[in-house]
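Each chain, written out:
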Amino acid sequence: MKTTATVLREMDQPGPFAETEPLERVELELDEPGEGELLIRIRAAGLCHSDLSVITGQRPRVMPMALGHEAAGEVVRAGTGEHGFVEGDHVVLAFVPACGECRFCRDERPALCEPGAEANVAGRLLGGGMRLHEKGGGEVHHHLGVSALADHAVVSARSAVKVPADLPFEIAALFGCAVLTGAGAVLNTGASALPARSIAVFGLGGVGLAALLAAKSQGPDTLVAVDTVPAKLELARELGADLAIQAGPDVVDAVKDATNGGVDLAVETVGNENVLAEAYAATGRGGTTVTAGLPHPSRKLEIPAISLVAEERTLKGSYLGSCVPRRDIPEFIRMYRDGEMPVEKLLSHRLRPDQINAGFDRLARGEAVRQVVIFD
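Report follows, based on the coordinates. (Residues numbered from 1 in each chain as written. Predicted model: local features only at pLDDT ≥ 70, side-chain atom pairs only at ≥ 80, totals over all residues. Heavy atoms only, no water.)

**Observations concerning the overall build of the protein chain**
Put simply, the rule is: Runs of E in the DSSP output that reach at least two residues are strands. Runs of H or I that reach at least four are helices, and both are numbered from the N terminus. This radius of gyration counts C-alpha atoms alone. The globule rule is 2.2 Å times how many residues there are, raised to the power 0.38. Relative accessible area decides the class of each residue, using a 1.4 Å probe on protein chains only: under 20% of the type maximum gives buried, over 50% gives exposed, and in between gives partly exposed. Whether two residues are in contact is decided by their heavy atoms, any of which lying within 4.5 Å being enough.
Scanning the protein chain from terminus to terminus reveals 13 helices and 18 strands. Computed over the C-alpha atoms, the radius of gyration of the protein chain is 20 Å, within 12% of the 21 Å expected from 2.2 N^0.38 for a compact globule of 376 residues. Projecting the C-alpha coordinates of the protein chain onto the three principal axes gives extents of approximately 60 × 45 × 40 Å. Out of the 376 residues in the protein chain, the part that is buried amounts to 57%. Residue pairs at least 24 apart in sequence account for 71% of intrachain contacts in the protein chain once pairs closer than 6 positions are excluded.

Here it is, written out as structure tokens:
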């Protein structure tokens, strides 16, 4: 069959993207799903900094690649084998296709799945195949096993999580990355620091604000939000931040002054080693710093090594929010429906497919929280 996908042919593209158009809407051949795979009709897909980082070359990937990794849709057909899905199921797609058999999957740490990571780096599906082809026969790589900025996609069934059919697709899509990563960074990776008297979130994009919502649900005495964009700071206040601080040279002192020497839990979502150093510096004695950002692979972090021992500090990485998607996505949806995490407030823009390049300009300028492309 055919699908219209959003293809990047070369990284390190200059902006503004609305003019240079590094992303092409291209009709591709889409193979039928193989064993353990699903054909999904994509109904909504979010624009994420992880997509933008591929366009700019900060996250190098094999080219050409059909982008998009945060999405919701419905099952059209299933391939052979055991998969647990039927036609019409509504699903959220997760960006690590966990094999279920490696040592990390057996330890309920699917974010670290070794075959899943190998497939994602290679731009292939979990089983090793590629289902997207140019009209002339050339293969197009899959982005994180999903390639969601398309009207249809073939994915591993291990990338899909069934969700309630009455959950709007544009909201459901947010659970595939922004909520999974941000809320998970607080509730899973940062769990040893909870309950925390004080929590700070550095970076207020979709992931950061999802982390803020999760942090608010834990009832800290002081919840601090840090960003460079005034509008995002104002939104953080609306979502429950007690203190919203403009990022700058004095941000560490401002956080420490407001929290009696530093927060119990700091979460960094920017993907910048300097911001991570600030988040660590703003964490108090005995505190935990969690980073969910993805800097360029060449970047290095410098912190006072003695603080890890003398102050019993903890620095932890969080990928996929340290989540088990089939366990945590339903729980996060329950929290949303119970009013504990008003995820709908993260949705800042609804886009048509022909507005994707302009959407990434808006994301690069910091003018959006989560933009969702609606596929009719």
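**Things to note about the pairing of strand β3 (residues 37-47)**
Here is the rule we go by: Two strands qualify as a pair provided that DSSP identifies no fewer than 2 bridges between them.
By the criterion of burial, β3 is predominantly enclosed, with nine of the eleven residues buried. Pairing of β3 with strand β9 (residues 152-156) involves five bridges; the strand directions are antiparallel. By the bridge assignment for β9, I40 is matched with A153. Pairing of β3 with strand β18 (residues 370-374), which is carried by four bridges, proceeds in the antiparallel orientation. Pairing of G46 across the sheet is with V372, part of β18.

**Points about the packing of helix α2 (residues 49-56) against helix α13 (residues 356-364)**
Quick note on the threshold: Only the contacting stretch of a helix is used when fitting its axis, a line to C-alpha atoms as for every element, and angles between N-to-C directions run 0 to 180 degrees. Angles are sorted into four bins: roughly parallel if under 35 degrees, roughly antiparallel if over 145, roughly perpendicular if 65 to 115, and oblique for all others. Classes in brief: Ala, Val, Leu, Ile, Met, Phe, Trp, Tyr, Cys and Pro nonpolar; Asp, Glu, Lys and Arg charged; the others, Gly included, polar.
Their axes nearest at 10 Å, the elements α2 and α13 cross at an angle of 100 degrees. Of the possible angle classes, the one that applies to α2 and α13 is roughly perpendicular. Residue-level contacts link H49, D51, L52 and I55 of α2 to F360, L363 and A364 of α13. Looking at the contact of α2 with α13 residue by residue, the classes come out as five nonpolar, one polar and one charged.

**Let's talk about the packing of aromatic side chains**
Under the convention used in this document: Aromatic rings from Phe, Tyr and Trp, taking only the six-membered ring of Trp, are treated as a pair when their centres fall within 6.5 Å; an angle between ring planes under 30 degrees marks them as stacked, one over 60 as edge-to-face, and anything in between as tilted.
One pass over the structure, following the stated rule, counts two aromatic pairs. Between F95 and Y319, the aromatic rings sit 5.6 Å apart at their centres with planes inclined by 75 degrees, giving edge-to-face as the arrangement. Here F95, found in the loop between β6 (90-93) and α3 (103-106), pairs with Y319, found in the loop between β16 (314-317) and α12 (325-337); they are 224 residues apart in sequence, far enough to count as distant. The class of F95 is buried, set by a relative accessible area of 4%. Each ring, one from F175 and one from Y336, has its centre 6.0 Å from the other, and the planes form 65 degrees; the classification is edge-to-face.

**A look at the nonpolar core**
As a reminder, the rule being used: Here, nonpolar core refers to any group of buried Ala, Val, Leu, Ile, Met, Phe, Trp, Tyr and Cys residues whose side-chain atoms link them within 4.5 Å.
Ranked by size, the top nonpolar core spans 69 residues in total, and within it F175, V179 and F332 carry the most contacts. The biggest single contributor to this core is helix α7 (residues 206-217), with seven residues. When neighbours within four sequence positions are excluded, F175 is seen to be in contact with V92, L180, I329, F332, I333, Y336 and V343. Among the nonpolar cores identified, the runner-up in size contains 32 residues, and M11, I42, L93 and F375 belong to it.

**Here we look at the sheet that holds β16**
The pairing of strands in a sheet happens through backbone hydrogen bonds and is either parallel or antiparallel. An order of β13-β12-β11-β14-β15-β16 is seen for the six strands of this open sheet, with the pairing classed as parallel. Each having just a single partner strand, β13 (243-246) and β16 make up the two edges of the open sheet. Recorded for the sheet is a direction-independent mean angle of 15 degrees between the axes of neighbouring strands. One ladder, built from five bridges, connects strand β14 (residues 263-268) with strand β15 (residues 283-291); its direction is parallel. Of the residues in β15, the one forming a bridge with L265 is T288. Contacts from helix α10 (residues 273-281) reach β11 (198-202), β14, β15 and β16 within the one sheet, and its direction differs from that of β15 by about 150 degrees.

**Quick notes on the sheet that holds strand β7 (residues 132-133)**
Strand order in the closed barrel formed by five strands is β1-β2-β7-β8-β4, with mixed pairing between adjacent strands. Of the strand pairs in this sheet, strand β1 (residues 2-8) and strand β2 (residues 23-30) are connected by seven bridges, and their pairing is antiparallel. Of the residues in β2, the one forming a bridge with K2 is E29.

**Overview of unusual backbone geometry**
One can expect most non-glycine residues to show negative phi and most peptide bonds to be in trans. With omega at -5 degrees, the peptide bond leading from G15 into P16 counts as cis. Mapping P16 onto the fold places it in the loop between β1 and α1 (17-20). Residue L194 is joined to P195 through a cis peptide bond whose omega torsion reads -5 degrees. Relative to the helices and strands, P195 resides in the loop between α6 (178-189) and β11. Of note in this structure, E312 is not a glycine but carries a positive phi near 50 degrees.

**Some remarks on α12**
What counts here: By this rule, a helix spans an expected 1.5 Å times one less than how many residues it contains. Arc definition: directions from the helix axis to the C-beta atoms.
Relative to the 18 Å expected for 13 residues at 1.5 Å per residue, α12 spans 18 Å between its end C-alpha atoms, a close match to the ideal helical length. What α12 keeps buried is the set P325, D328, I329, F332, I333, M335 and Y336. Down the axis of α12, the sector holding all buried residues measures 160 degrees, keeping them to one side. A positive phi of about 85 degrees marks G339, the residue just after α12.

**Remarks on the packing of α6 against α12**
With their axes 11 Å apart at the nearest point, α6 and α12 run at an angle of 95 degrees to one another. Between α6 and α12, the interaxial angle falls into the category roughly perpendicular. Between α6, through V179, L180, A183, G184, L187 and N188, and α12, the contact on the second element is made entirely by P325, R327, D328, I329, F332 and M335.

**Notes on α2**
All of the buried residues in α2 are D51, L52, S53, V54 and I55. If you follow the buried residues of α2, they end up packed against β1, α1, β2, β3 and α13. Looking one or two places after α2, you find G57, whose phi comes out positive at around 90 degrees.

Without other data, these values stay purely geometric and don't point to any function.
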